[in-house]
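Analysis of the macromolecular model
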Amino acid sequence: MRLTLLLLISFIVSCESKKPLWTVNETKIWLDLQGHRGARGLAPENSLPGFLKALSYNVTTLEMDLAVTKDGQLVVSHEPWFSHLFCKDSFGNPIAEDSARDFNIYQMTYAEVSRFDCGSIQNPRFPEQELVSSPKPLLTEIVGGIEQYLEKTGKFAVRYNIEIKSQPEGDDIFHPSPNEFSDLVYKTIDGRIDWNRVSIQSFDFRVLQYFNEKYPEVKLAALVENQNGLDANLEALGFTPEIYSCYYKLLDRETVKQIHEKGMLVIPWTVNEIAEMEQLYDWGVDGIITDYPDRIWQSQIPPNKIIEPVP
Ligand code: G3P
Ligand code: CA
């Protein structure tokens, strides 16, 4: 009886002492709802319409990926080429799967890249997508469009979770070296968006190590898909980032606790089923990256445990 009471009191105290992740425009953010590639389940991925769609579901962070063109422009794109699943070439023809990698963005100028359309083919994995013709956009266009929308609507300042897509095998073929890529991203964002509103994420630990050394003020998220475990990944990284962002199936209640004990936030990807969102919330994750930001509002997670307007 005495123990139960003590547990209850400590639970109440810990609930009360829990702080929001951040507060913006008088709104407390308790759970970081991230729109994956915008709202990939609902609109073409990594496109301005997709990011605006995500904002219509009150995401707190927009997740996006970057590639680089031959003339050094940052393009918002998951692949450094054109996917046969949802892109048409500059003549409006479909792209064959086995030739997709030949359309190498790093070997093309942005003028060439912009002639492809990656918004009007139905991606078979996402039948609910509303199609809209969209070239692969520049990062500067996306940031400009989003900031303009926020200003016009008075919505709270959303955050940006920006992924640098690189890997050792792709160096100088599909993208510049991790240092050059990182410097380009830093220079493009610096002065455009407050760094408080940005995290840089990567599976490529070389990128994270470089940022940690050169730009220590920038929040970093380690992307993890491997099954090496928390300790091995942190050892390989050589420092503790702010965020541990792993494939959601690598998590359980105990792992979430261990990540927290190491002082990191846990923000898993890519969580599309409502039951999985609820389970992860119950385990205490700090955010959820999803293709369907609409679905979290249909879940049993109390809305004011995601975003709470300050009275
Ligand atoms: O934010 C993490 C997630 O985007 C990683 O997976 O392949 O969709 O970039 P991917
Ligand atoms: Ca990504």
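Look up: the structure comes first, before these words.
Everything numeric in this text was worked out from a predicted model, so none of it was measured.

1. So, the sheet that holds strand β2 (residues 27-29)
- Strand order in this open sheet of three strands is β1-β2-β12, and the pairing throughout is antiparallel. Edge positions in the sheet fall to β1 (22-24) and β12 (307-309), since each has one partner strand and no second. Along the sheet, successive strands turn relative to each other by an average axial angle of 25 degrees, direction set aside.
- In terms of strand pairing, β2 meets β12 through three bridges, oriented antiparallel.

2. Quick notes on the site of ligand 1
- All residues in the neighbourhood of ligand 1 are listed as H36, R37, E63, D65, H78, E163, K165, Q201, F203, L223, W269 and I289.
- Across the shell around ligand 1, the residue classes tally to four nonpolar, three polar and five charged.

3. Re the pattern of salt bridges
- Scanning the model with the defined rule gives 13 salt bridges in all.
- Two residues, R40 and D291, come together in a salt bridge whose shortest N-O distance is 2.9 Å. Taken together, the residues R40 in the loop between β3 (32-35) and α2 (48-56) and D291 in the loop between β11 (287-290) and α10 (293-296) connect sequence positions 251 residues apart. Both residues of the pair, R40 and D291, count as buried.
- In this structure, the salt-bridge partner of E130 is K53, at a minimum N-O distance of 3.1 Å.

Calculation rules
- Sequence order as written defines residue numbering, which begins from 1 separately in each chain.
- Written order decides the labels, with chains lettered from A and ligands numbered from 1.
- Given that this is a predicted model, residues contribute local features only at a pLDDT of at least 70 and side-chain atom pairs are listed and counted only at 80 or more, while totals for whole chains, interfaces and linings are drawn from all residues.
- Only hydrogens and water are set aside when side-chain values are computed; all heavy atoms of the structure are taken into account.
- The rule for pairing is simple: two strands pair if DSSP sees at least two bridges between them.
- Working definition: helices are DSSP H or I runs of at least four residues, strands are E runs of at least two. Numbering for both runs from the N terminus.
- Each axis is a line fitted through C-alpha atoms, and for a helix only the stretch in contact is used; angles between axes span 0 to 180 degrees, taken between their N-to-C directions.
- For this description, a residue counts as near a given molecule or strand if any of its non-hydrogen atoms is within 4 Å of it.
- Only Asp, Glu, Lys and Arg are considered charged in this grouping, and only Ala, Val, Leu, Ile, Met, Phe, Trp, Tyr, Cys and Pro are considered nonpolar; every other residue, Gly among them, is considered polar.
- Definition used for salt bridges: Asp or Glu carboxyl oxygen within 4 Å of a side-chain nitrogen of Lys or Arg.
- Relative accessibility decides the category of a residue: with a 1.4 Å probe and only protein chains considered, values under 20% of the type maximum give buried, values over 50% give exposed, and everything between is partly exposed.

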